[in-house]
Amino acid sequence: MNKEKSGFNTKLIHAGEIHDQFGSATVPIYQTSTFSFESAEEGAKCFAGESDGYIYTRIGNPTINALEHQITAIENGFGAIAVSSGMAAASTIYLSLLSSGDHIISTDAIYGPARGVMEKQFVRYGFQSTYINTTDVKAIEKAIRPNTKVLYIETPANPTMDITDLKACAEIAHKHNIILVVDNTFCSPYLQNPLDLGADVVFHSMTKFINGHADIVAGVIVAKEEKMYKQLRNMMVLLGCNMDPHQAYMVHRGLKTLSIRIDRAQDNAMKVAEFLENHPKVAWIKYPGLKSHPQYELGKKQMKGNGSMISFGLKTGFEGAKVLMNNVHLALLAVSLGGVESLIQHPASMTHSKVSKEDKQKAGISDDLIRYAVGIEDVNDIIDDLKHGLEKC
Ligand code: LCS
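Residues numbered from 1 in each chain as written. Predicted model: local features only at pLDDT ≥ 70, side-chain atom pairs only at ≥ 80, totals over all residues. Heavy atoms only, no water.

On to the site of the ligand. Near the ligand there are 17 residues, and of these Asp183, Ser205, Thr207, Ser336 and Arg371 occur at the shortest range. One of the side-chain nitrogen or oxygen atoms of Thr207 is found 2.6 Å away from an oxygen atom of the ligand. Taking Ser336, its main chain carries an N or O atom lying 2.8 Å from a nitrogen atom of the ligand. Surface burial for the ligand is 93%, taken as the share of its 470 Å² of free accessible area covered by protein chains. Judged by the fraction of its atoms near the pocket grid, the ligand is located in the second largest pocket. For the shell around the ligand, a count of residues per class yields five nonpolar, eight polar and four charged. Here the shell around the ligand spans two domains, and each of domain 1 (3-30 + 61-255) and domain 2 (258-391) adds at least three residues to it. (Near = heavy atom within 4 Å. Polar contact = N/O pair within 3.5 Å; in protein donor to acceptor, adjacent residues only side chain to side chain. Areas by Shrake-Rupley, 256 points an atom, 1.4 Å probe, with all protein chains shown as cover. 1 Å grid on protein atoms, 1.4 Å probe; cavity = no way out; pocket = protein on both sides within 12 Å on 5 of 7 lines; lining within 4 Å. Sits in = over half its atoms within 2 Å of the grid points. Nonpolar A, V, L, I, M, F, W, Y, C, P; charged D, E, K, R; others polar. Domains from an automatic or database assignment.)

Structural data, given as structure tokens:
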């Protein structure tokens, strides 16, 4: 049986597994910084790239490689590069694919720091950036300049839940010789495979659904083609934003239950979204599973499920949001998402607080927006918790 070519759940459990001499059922943790060579000749061969042996953990390590094989198999790429965080993935991509004077077009409602690092740091290295509402495909084409090298999409976007058409983006990007990069964090490879829809590079904050247990910060980049994979890996090794073997082991372990965690979380999320949509104190809600979502049909086409992230606002605006956040007791008032526990947060004052007021407004990150990451608890308890909190609003 070819485990790499098998079904999604079989890949989750078996892709990248290591068969050691003891018959270990799980991936061993090779907690070592360096690897010894049998001879000087063997060492020279490894450094010349003529042998596959391991050299140094920043360059490669069997535990980290096991995780990379697992991710490559479920994201349908040529190869994966595990890194220390989702932001390390974003920065490695920016620094690998852009040179001074190059331009990037990106979704305006993306994870705040992924925009902040470009506008406040990389601008010093001559990178140009334009942030637009990428749900409007025509606006993307209009924003293209002769020096545009990368189109960087986050869908669904954090925190607006806007959905961008990936196939249409791939068509536009490739027509203009532009690389399409997709942040697939909100879906995970279980719900969306951007490489199959035409993207060239995909990345994840594995801190979220892929690890799934709120105990690790990690990231991964997946490239569709060998040349791009080598370019990205080379930059990662030189920047030194590699994972640690123990971190890789933890993610490898968490990833095995990805599909059953997401199945449960998105079943819960659908019920929570229906409850919120019908609640008299709720002014608006955006959840891909509700027909009221502006890109409901597109979501059905390119995503294999609705996910477990919900954005909504109350009729009492930001004041009401504060009261709700102070009066829920099951959901943790915390940033992050994609773990087994439910979390609630306020993007305008938390995850996206460094985005200027004007840019937040343009991107649809309103002051009343509450982001709820639905966990895998009993859904009646999640709804009761929200019901009691909303009574106080
Ligand atoms: N991409 C997305 C879509 C994210 O949501 C995050 C983190 C990142 C990239 C960066 O990943 P990290 O370096 O944190 O692993 N999102 C967070 C959030 O919404 N709340 O806290 C972190």
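With that settled, consider the pattern of salt bridges. Applying the stated criterion across every chain yields a total of 10 salt bridges. Where Arg264 meets Asp378, a salt bridge forms, and the shortest distance between an N and an O atom there is 3.7 Å. One end of the pair, Arg264, is in helix α11 (residues 258-277); the other, Asp378, is in the loop between β12 (370-373) and α15 (379-391), with 114 residues separating them in the sequence. On the basis of relative accessible area, Asp378 is assigned to the partly exposed category, the value being 48%. (Salt bridge = Lys/Arg side-chain N within 4 Å of Asp/Glu carboxyl O. Helix = DSSP H or I, 4+ residues; strand = E, 2+ residues; numbered from the N terminus. Buried < 20%, exposed > 50% of the residue type's maximum accessible area, 1.4 Å probe, protein only.)

Quick look at the environment of Ile132 now. If you trace the backbone, Ile132 turns up in strand β3 (residues 128-132). C-alpha of Ile132 to C-alpha of Gln192: the two residues are 60 residues apart in sequence and 22 Å apart in space.

Let us now look at the domain arrangement of the protein chain. Under the domain assignment, the protein chain is made up of domain 1 (3-30 + 61-255) and domain 2 (258-391). The distance between the C-alpha centroids of domain 1 and domain 2 comes to 24 Å. At the junction of the two partners, domain 1 supplies 44 residues and domain 2 supplies 38 residues. Across the domain 1 to domain 2 interface the summed buried area is about 3200 Å²; carbon plus sulfur atoms make up 59%. Area buried by domain 1 at its contact with domain 2 is led by Ile163, Leu191 and Phe209, which between them contribute 23% of it. Counting across the interface, domain 1 meets domain 2 through two salt bridges. In this structure, Arg115 and Asp359 form a salt bridge, with 3.2 Å as the shortest nitrogen-oxygen distance. Taken together, the connections running from domain 1 to domain 2 amount to 23 residue pairs in polar contact (both at pLDDT 80 or more). (Contact = heavy atoms within 4.5 Å. Buried area = accessible area lost by both parts, 1.4 Å probe.)

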